[in-house]
Structure formats: structure tokens, C-alpha cells
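Below, each chain spelled out in residue letters.
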Amino acid sequence: MKNILVLFFCLISQNILTAQIHEIGVFLGGSNFIGDVGKTNYVTPNEPAIGILYKWNRSPRHSYRFSFMQSTISGNDLDSEVPGRVQRGYKFKNDIKEFSAGLEFDFFDFNLHELLKKKITPYVFSGVSYFAYDELFVVNGETKKDYTASSFAIPMIVGVKGTILENFILGFEVGARYTFTDNLDGSLPKNQNLESLKFGNINSKDWYVFTGFTLTYTFGEKPCYCAD
């Protein structure tokens with residue numbers, strides 16, 4: 001994970017030297033899990049989440065975006081509305097550290113030249129995420145850690161953002177991550193010695209969701225959005 005942070009700041013430094021206008025800021029919100037343990041709701045934040053992000057605005061409609069997010073995800077069968085899960089009574093916690101890179105697209109022109117005009121636009125973001133997590137397993141109803149692993153996910157984010165001061169942009173977003181693992185909750189351990197402990201739907205991957213606010217500061221030379 002240290003290597004991921006080094007890569008994140010190297011990308012920022014490189015773009016600051018060559019790009020036209022930049023945003024750097026923070027994410028504050030919450031996370032929730034969608035899988036084989038706990039609630040089945042899609043957006044129900046139950047753990048705090050924080051992050052940092054950087055955007056390189058290439059036009060009034062799109063930006064390259066890089067972020068690092070961190071949270072604990074958790075689930076408890078007793079909070080579920082599914083009778084079978086309540087009766088089973090499993091629960092877990094897992095630490096997520098995520099680096100994402102991709103493209104953010106604005107539905108309306110978000111031209112930062114026009115400093116005196118308030119701007120607001122919905123936006124979407126997607127790309128690729130790489131995250132670290134703990135491989136878990138459940139034995140006698142107790143969740144235990146096997147080892148630390150990593151995997152990829154596809155982030156799908158929708159949000160709305162607007163200028164609040166001359167150099168500050170406030171946003172609110174909901175971002176689901178479709179992961180390539182089914183063991184964030186301990187339901188499908190990779191360890192072959194633990195195969196007998198599998199449970200749940202083995203044909204469905206896990207999801208986690210970050211919901212919250214972003215606050216970014218814009219700086220750098222204002223670009224002339226014209227054809228190269």
C-alpha cells in the first residue's frame with residue numbers, strides 16, 4: 001500500500017508540472033457493504049470513510065481523476081431483513097485501502113474561467129480501482145483474519161458538484177465498487193484448507209459503496225479550452 005501512495009503523489013507531481021488547471025481536496029463520508037453478510041440495502045453508510053483526490057481538468061466537460069480512499073466495511077446479519085441471515089447471525093469487519101484512477105464526465109459545462117458565475121453540474125466517474133483488504137474466514141460463527149490480500153474493482157460514481165467560493169468546489173457523490181473478490185465478508189476463503197467453511201452465493205461478487213462529500217481547491221493556470 002505504501003507503493004500505491006508513492007505512485008499517487010508521483011502522478012500528482014507530474015501533472016502539476018505539465019497540466020493546465022488542477023483540483024486537490026478531500027472526501028468525507030461513509031461506507032457500506034453489499035454481499036453475503038448483513039443488510040442487502042444498496043446505500044446505507046454504517047462506517048466512516050475518508051480520502052484524498054486530485055483532478056486534472058482537461059476541458060469543461062471531463063477530468064482525469066485520481067483518489068485514495070480508506071474505510072472499514074462491516075456487516076451484521078442481525079441488521080438484515082432476510083430471516084435466514086438473522087437466524088445465522090454472522091458479522092464481520094474488514095479494512096479497505098483503495099487507489100482509483102479514471103475519467104470524470106460533467107453533464108454541463110463546468111468552465112472555471114468564469115469565476116464570477118456560480119457553476120453546478122451532475123457528473124459520473126468510472127475507471128479502475130486497486131484495493132487492499134483482509135482475507136477472512138468464519139469458524140464456529142466467529143470471523144477471523146487469514147492474511148492481507150489485494151484485488152481490483154470497477155468504480156461507478158454519480159454525483160453533483162458546484163462552486164461555493166472563488167477557488168473551492170463542493171460535491172456530493174455515491175460510488176459503488178464492483179469487486180473481483182467474493183471474500184470481503186469471509187464467505188469464500190481462497191485458502192484451500194478452508195474450503196469447507198464457504199457459505200452464501202458463490203456466483204456473486206462483493207460490492208462496497210462510498211457515500212459522502214468532496215471539497216476541492218482549484219489552482220494552476222486557467223486553461224484555454226480549445227482544440228490542440
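Caption draft 1: A look at the pairing of strand S2 (residues 47-57). The buried count for S2 comes to eight of 11 residues, which makes it a mostly enclosed element. Relative to S2, strand S1 (residues 22-34) is paired through 10 bridges, and the arrangement is antiparallel. Residue Leu28 lies in a different strand from S2, and its bridge partner there is Ile50. Both S2 and strand S3 (residues 62-76) contribute to a ladder of nine bridges, which runs antiparallel. Looking across to S3, one finds that Trp56 is bridged to Tyr64. Hairpin connection between S2 and S3: a loop of four residues separates the two successive antiparallel strands.

Caption draft 2: Region of the structure containing the sheet that holds S2. If you walk around this closed barrel you meet the eight strands as S1-S2-S3-S4-S5-S6-S7-S8, and the pairing is antiparallel. Here the strands of the sheet are splayed against their neighbours by 20 degrees on average, with no regard to which way each runs.

Caption draft 3: Inspection of the packing of aromatic side chains at higher detail. For the structure shown, the criterion picks out 15 aromatic pairs. Between Phe33 and Phe92, the ring centres sit 4.9 Å apart and the planes meet at 75 degrees, which makes this aromatic pair edge-to-face. Of this pair, Phe33 sits in strand S1 while Phe92 sits in strand S4 (residues 91-106), and the two are 59 residues apart along the sequence. Of the two residues, Phe33 and Phe92, both sit in the buried class. Considering the side-chain rings of Tyr90 and Phe199, the 5.0 Å spacing of their centres and the 75 degrees angle between planes classify their relative orientation as edge-to-face. Residue Tyr90 is located in the loop between helix H2 (83-88) and S4, and its partner Phe199 is located in the loop between strand S7 (168-179) and strand S8 (207-219); the two are separated by 109 residues in the primary sequence. Connected via pairs of aromatic rings, a cluster forms that spans Phe27, Phe131, Tyr133, Tyr208 and Phe210. Directly above the ring of Tyr123 sits Lys55, whose terminal nitrogen or CZ lies 5.4 Å from the centroid. Positioned above the aromatic ring of Phe110, the side-chain terminus of Lys161 is 4.9 Å from the ring centre.

Caption draft 4: Looking closely at the nonpolar core. The biggest cluster of nonpolar side chains holds 20 residues, and the ones touching the most others in it are Ile73, Ile96, Phe131, Leu184 and Tyr208. A total of four residues in this core trace back to one element, the largest contributor, which is strand S5 (residues 120-139). When sequence neighbours within four positions are dropped, the list of residues in contact with Ile73 reads Ser31, Phe33, Glu47, Phe92, Lys93, Asn94, Ile96, Leu184 and Tyr208.

Caption draft 5: Fine view of the side chain of Ser71. Residue placement: Ser71 occurs in strand S3. Side-chain polar atoms of Ser71 contact the side chain of Ser31, separated by 2.7 Å. Excluding residues within four positions of it along the chain, Ser71 makes contact with Ser31, Glu47, Pro48, Ala49, Asn94, Asp95, Ile96 and Phe210.

Caption draft 6: Seen up close, the pattern of salt bridges. The full count for this structure, using the stated rule, is nine salt bridges. Arg177 is the partner of Glu98 in a salt bridge, and the nearest nitrogen-oxygen pair spans 2.9 Å. In this pair, Glu98 sits in strand S4 while Arg177 sits in strand S7, placing the two residues 79 residues apart along the sequence. Look at Arg177 and you get buried, because its relative accessible area is 2%. Residue Lys145 pairs with Asp134 through a salt bridge whose shortest N-O separation is 3.5 Å. In this pair, Lys145 sits in strand S6 (residues 142-165) while Asp134 sits in strand S5, placing the two residues 11 residues apart along the sequence. A relative accessible area of 15% means that Asp134 is categorised as buried. Shared partners join several salt bridges into a network, and the residues in it are Lys55, Arg65, Glu104, Asp106, Lys161 and Glu173.

The rules we used
- Residues numbered from 1 in each chain as written.
- Predicted model: local features only at pLDDT ≥ 70, side-chain atom pairs only at ≥ 80, totals over all residues.
- Heavy atoms only, no water.
- Buried < 20%, exposed > 50% of the residue type's maximum accessible area, 1.4 Å probe, protein only.
- Helix = DSSP H or I, 4+ residues; strand = E, 2+ residues; numbered from the N terminus.
- Pairing = 2+ DSSP bridges.
- Axes fitted to C-alpha atoms, helices over the stretch in contact; angles between N-to-C directions.
- Phe/Tyr/Trp six-rings, centres within 6.5 Å; stacked < 30°, edge-to-face > 60°.
- Lys NZ or Arg CZ within 6 Å of the ring centre and 35° of its normal.
- Core = buried A, V, L, I, M, F, W, Y, C linked by side-chain atoms within 4.5 Å.
- Contact = heavy atoms within 4.5 Å.
- Polar contact = N/O pair within 3.5 Å; in protein donor to acceptor, adjacent residues only side chain to side chain.
- Salt bridge = Lys/Arg side-chain N within 4 Å of Asp/Glu carboxyl O.

Distances and angles like these do not, on their own, reveal function.
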